[in-house]
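Each chain, letter by letter, is given below.
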Amino acid sequence: MMNNPNSGGNPYVGPRTFTYDQRHLFFGRQREARDLLALVISQRLVLFYAQSGAGKSSLINTRLAPRLAEEGFTVLPVARVGGSLPPGIDAVNNVFVYNLMLDLDQGGGDPGRLVNVKLPDFLAGLTQPDGHRWVYEAHPATAVAALAPQPAFPVGGDTIAEDEVAPRVLIIDQFEEIFTQPASRRQDREEFFRQLDQAMREDPSLWVVLTLREEYVAALDPYAALMSDKLRARYYMQRLGTKAALDAIRRPAEAAGRPFAPDVAEALVKNLCQMRMPGQEALVEGEYVEPVQLQVVCYQLWEGLAPVAAGQAGEITFEDLAKAGDVDTALTDFYNAAIGRVVATPGLTVTEPELRRWFSTRLITPAGTRGIVFRGETETDGIPNAVIDRLQSEFLLRTEPRAGGEWVELVHDRFIEPILRANQAQQSRLTLDAEAWEASHRSETLLYQGQKLKNAEAELLKHRERFSAIETTFVAVSRRRQTRLQRRMRAGQVVPIISDEALVSMTLGDYAGMVEGYADQVAKYPMPDKNNLFKVANFHQRNYYLSDNELKVDYLNWVKNYIYLTAEAAGRDKGTLDDVEQQWDNLQASTVANRLAYPNLEGGADNPLRVLANLPLRVYVTTSPYTFIEDALKAAGKMPRTDFCRWSKLLDRISSSLPPDYEPSLREPLVYHLHGIDEYPDSLVLTEDDYLEFIVNVAVNQGSPGDRVLPVVRQALIDYLILLGFNPLDWPFRSVYSGLIKLSTQWGEERGVSVLEPPASQEEKLYLESSLRRAAGFTVLWTSIQEYMQELYQLAST
């Protein structure tokens, strides 16, 4: 008699989340389950976060929720704040509150009845009339008030006493959806946190667990102050280590009666740990295993096991692993099956060759590493977003919020080789189909494969030779540059020099509009000579006169005005705007920006200014007078020091605030303002005469006691420089290059990179590339600062 290994079902779940009914199959997270349970019991509000795909939802379904029930807690249905409005519902009071209530209410009633309900009232009316389903029943106001106990139960306090109401636990899974849902409902976020806090205050028996992906934790910071406990109780689940991975592999198989033979599971874990490092051809052994990948491989392995005779041990051997459980084979089979299911999905307009070609050319780079693709509003690099979402549900893709948007990438490096081989095999099969089509005198039964392939091949061959050499050269140069930059960054030998235009554009969005507006204003009141007076309109729309030596104060006032109007157009709170206006004369431009929530530091890794602040840098140099870099560094948990260049003798009276023994560090980096700081208007380098004086004064006495540039900044300029937003034709670059960079001659062939937006004409592009390379030793990267910050983020993360 033979024993079928699948007679009791596959003990591995594959690329799916574990459910409550599968809790007996969930292994490898015992310690995390114990620690999280203890924290949730002791704290009424807990933030549970981990990397995407680490198994947060599975841990909740199989361990946290069941054990909370064993401890006497009533666990509400696991719910989410994301989702689309149901048919017939056009508008709701708060989209996140509404989606959460729809998930929790299992009564099947009219969804319209929840449109204007607030979360505290909803939770107060949520009951189990049949002992199974949770149903919302509206309570009169008096009843709601009566439900709220008068003594406030402190958030994060001890567990309840025996004579108090049994606690209920609300678990909100995938809470990052509060940041990924439509931007048009962004204003609903703050109100959601207010209602959640109110619900916890009114109901001291309510516990809450929020789970989200780790890259969104920083985005919670602006809302933490709205919660009573400031979101202090947090639990971070590390990635799955090798020891835990062994448990997750061995124990389900043992429970199903087909244990692994000695050393077989260890060999499988070692294979699963392999990953490709940037710049290296060979795979290397990593420290962690992707849970989804583990489940896919083990699922495929189990499905391929042959039945064994009754009475035999039936161990899973190396032969089984090589025959049916090879990692590459399992991943290839999984990829092929997923592509087939996606293409067969009704309503999705994508063909299999098109989708496979997209994986090979867009998600995998010519160097054989994972590529990233920007997700647009309706499509992602030619593929409809409905297809992208379907691929995500198949666990082939994941979306990362970075650099001002969402970026799509493969779920893991380990899929690269299997995907390439699978696509090559499919291409070979289609080639045979095309040949058969030709041989059969273009039979209609083979028309689709043959015609589609012939058209694609003709188009590919048309361009392949033309771009092959260019692509090879570009990839090689790019990889060398990235490797060099990564190595120097780790050694602390990279210094960014950020232009005023770049910093203001990252913060306010329209530097050109601000400067042009000021120029137009001044042009209305020309100065025949510098001793005459000219008239301008100030913030309060009153006319007044300024002499020439007050030009810098006037410019800073204009900047404050621009920031105010920008914030007003963005819908800032009127009370905040009025408060700024009342204190107008006593506020610096940077302070006005701070009061009006600039710079915007939400989003973590997708914010270029925050990426810049999180890089391992010791010195930041800028020609901007505003302290936006310092704001970003503080948000990153650092303690920046600020100083500015005393380029004029008039500035000698202002002493430095830096300690005598100060040395820039990763913890306390230096932000050095070359062209002045708004706290001291006289320090601004604004006019052409200022730029000329700056060049002359900073070029003399270098390295001597009379040097007008800090020695530590002089020394830093010898390192690898990243110029952000400097046009070589403009005064800011000419002054920095001629006064500082050109004098620091201790550098090799490549001094650094200059990041510029592509110019209007090819002639200007060639000229700028040539002049920067020959005169200054800089490689020009024609890209946006946001895209380049994304590249730096990746380099610093690997």
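Residues numbered from 1 in each chain as written. Predicted model: local features only at pLDDT ≥ 70, side-chain atom pairs only at ≥ 80, totals over all residues. Heavy atoms only, no water.

(A) Broad picture of the overall build of the protein chain. A tally of helices and strands in the protein chain yields 29 helices and 27 strands. Sorting the 798 residues of the protein chain into buried and exposed places 48% on the buried side. Expressed as a percentage of contacts within the protein chain between residues at least 6 apart in sequence, the contacts between residues at least 24 apart total 71%. Of the roughly 37,600 Å² that the protein chain leaves accessible, carbon and sulfur atoms contribute 50%. (Helix = DSSP H or I, 4+ residues; strand = E, 2+ residues; numbered from the N terminus. Buried < 20%, exposed > 50% of the residue type's maximum accessible area, 1.4 Å probe, protein only. Contact = heavy atoms within 4.5 Å. Areas by Shrake-Rupley, 256 points an atom, 1.4 Å probe, with all protein chains shown as cover.)

(B) View of the side chain of Gln195. With respect to the helices and strands, Gln195 occurs in helix H7 (residues 188-202). Discounting residues that sit within four places of it in the chain, Gln195 has contacts with Asn93, Val97, Lys118, Leu119 and Pro120.

(C) Looking closely at the packing of aromatic side chains. Per the stated rule, a full pass over the model turns up 20 aromatic pairs. Aromatic pair Phe193 and Tyr223: ring centres 5.2 Å apart, planes at 10°, arrangement stacked. Taken together, the residues span a long stretch of sequence, with Phe193 in helix H7 and Tyr223 in helix H8 (residues 221-224) at a distance of 30 residues. Residue classification places Phe193 among the buried positions, given a relative accessible area of 0%. With a centroid separation of 5.7 Å and an interplanar angle of 10°, the aromatic rings of Tyr691 and Trp731 are classed as stacked. Linking Tyr691 in helix H25 (residues 688-699) with Trp731 in helix H27 (residues 731-739), this pair joins segments that are 40 residues apart in sequence. Of the two residues examined, Tyr691 and Trp731, each falls in the buried class. Aromatic rings pair up to connect Phe175, Phe179, Phe192, Phe193, Tyr216 and Tyr223 into one cluster. Sitting above the plane of the Tyr598 ring, Arg572 keeps its charged end 4.5 Å from the centroid. (Phe/Tyr/Trp six-rings, centres within 6.5 Å; stacked < 30°, edge-to-face > 60°. Lys NZ or Arg CZ within 6 Å of the ring centre and 35° of its normal.)

(D) Geometry of the pattern of salt bridges. As enumerated under the stated definition, the model contains 26 salt bridges in all. Between Asp130 and Arg133 there is a salt bridge, with its nearest N and O atoms 3.3 Å apart. Since its relative accessible area comes to 37%, Asp130 is described here as partly exposed. Across the pair Arg714 and Asp707 runs a salt bridge, and its minimum N-O distance is 2.9 Å. Like Asp707, Arg714 is buried. Look at the salt bridges and you will find they share partners, linking Arg29, Arg31, Glu32, Arg34 and Asp35 into a network. (Salt bridge = Lys/Arg side-chain N within 4 Å of Asp/Glu carboxyl O.)

(E) Representation of the environment of Gly14 in the model. For Gly14, the location among the structural elements is in the loop between strand E1 (2-3) and helix H1 (30-42). Judged by relative accessible area, which is 1%, Gly14 ranks as buried. Along the chain, Gly14 and Val296 lie 282 residues apart, while their C-alpha atoms are 4.5 Å from each other. Those residues in contact with Gly14, other than ones at most four positions away along the chain, are Gln295, Val296 and Tyr299.

(F) View of a negative patch on the surface. A contiguous patch of negative charge, built from Glu501, Asp730, Glu757 and Glu787, is present on the exposed surface. We classify Glu757 as exposed; its relative accessible area is 54%. (Patch = residues over 30% accessible without salt bridge, like charges linked within 9 Å, V, L, I, M, F, W, Y side chains within 5 Å. Lys, Arg positive; Asp, Glu negative; His and termini not counted. Charge placed at Lys NZ, Arg CZ, Asp CG, Glu CD.)

(G) Examining the sheet that holds strand E2 (residues 45-50) more closely. The five strands are arranged E3-E6-E7-E2-E8 in an open sheet whose pairing can be described as parallel. Taken across any chain shown, the strands that pair with only one partner, and hence form the sheet edges, are strand E3 (74-75) and strand E8 (234-237). Bridge analysis of E2 against E8 gives four bridges, and the strand direction is parallel. Considered in E8, the bridge of Leu47 is made with Arg234. (Pairing = 2+ DSSP bridges.)

(H) Focus on the nonpolar core. One finds Leu355, Phe359 and Leu391 to be the most contacted residues of the largest nonpolar core, which totals 56 residues. Elements supplying a minimum of two residues to this core: helix H9 (242-255), helix H10 (264-272), helix H11 (291-303), helix H13 (327-343), helix H14 (352-362), helix H15 (385-393), strand E18 (405-410) and helix H16 (416-439). Considering every element that reaches this core, the biggest residue donor is H13, with eight residues. In this structure, Val494, Ile498, Leu556 and Ile785 belong to the second largest nonpolar core, which totals 51 residues. (Core = buried A, V, L, I, M, F, W, Y, C linked by side-chain atoms within 4.5 Å.)

(I) Structural view of the confidence of the model for the protein chain. Per-chain confidence: the protein chain averages 78 in pLDDT, with 77% of residues scoring 70 or above. Overall, residues 446-451 carries pLDDT values under 50, and its contacts beyond four positions in sequence, including any with other chains, amount to 13 contacts. Taken together, the stretch residues 524-548 has pLDDT below 50 and engages in 37 contacts with residues farther than four places along the chain or on a different chain. (pLDDT = per-residue confidence, 0-100.)

(J) Up close: the pairing of strand E24 (residues 670-673). Alternating residues of E24 divide into Leu670 and Tyr672 and Val671 and His673, and every residue in both groups is buried. Pairing analysis gives four bridges linking strand E22 (residues 619-622) to E24, with the strands arranged parallel. By the bridge assignment for E24, Thr622 is matched with His673. Judged from the four bridges that link them, strand E23 (residues 641-644) and E24 form a sheet pairing that is parallel.

(K) Examining the packing of H13 against H15 more closely. Taken N-terminus to C-terminus, the directions of H13 and H15 make an angle of 140°; their axes are 10 Å apart at the nearest point. Of the possible angle classes, the one that applies to H13 and H15 is oblique. Remark: the crossing between H13 and H15 carries right-handed chirality. Listed contacts from H15 to Ile339, Arg341 and Val342 of H13 are Val387, Arg390 and Leu391. (Axes fitted to C-alpha atoms, helices over the stretch in contact; angles between N-to-C directions. Parallel < 35°, antiparallel > 145°, perpendicular 65-115°, else oblique. Left-handed = near helix turned anticlockwise from the far one by under 90°.)

(L) Broad picture of the pairing of strand E25 (residues 720-724). Among the five residues in E25, five count as buried, and that is most of the element. Residues Tyr720, Ile722 and Leu724 point to one face of E25 and Leu721 and Leu723 to the other, with burial holding for every one of them. Pairing between strand E19 (residues 494-498) and E25: five bridges, direction parallel. The residue of E25 that forms the bridge with Val494 is Tyr720. Bridge count for E25 against strand E26 (residues 752-756) is four bridges, and the pairing is parallel.

(M) Representation of the sheet that holds E25 in the model. Spatial ordering of the open sheet is given by E23-E24-E22-E19-E25-E26-E27, a layout of seven strands whose pairing is parallel. Two strands in the sheet have a free side with no partner beyond their single neighbour: E23 and strand E27 (778-782). Averaged over neighbouring strand pairs, the angle between their axes works out to 20° when direction is ignored. Set on the sheet, helix H24 (residues 628-635) makes contact with E19, E22, E23 and E24; between it and E24 the angle comes to about 170°.

(N) Expanded view of unusual backbone geometry. A cis geometry characterises the amide bond from Tyr598 onward to Pro599, with omega recorded as 0°. Even without glycine at this site, Asp263 takes up a positive phi of about 75°. Along the chain, Asp263 falls in the loop between H9 and H10.

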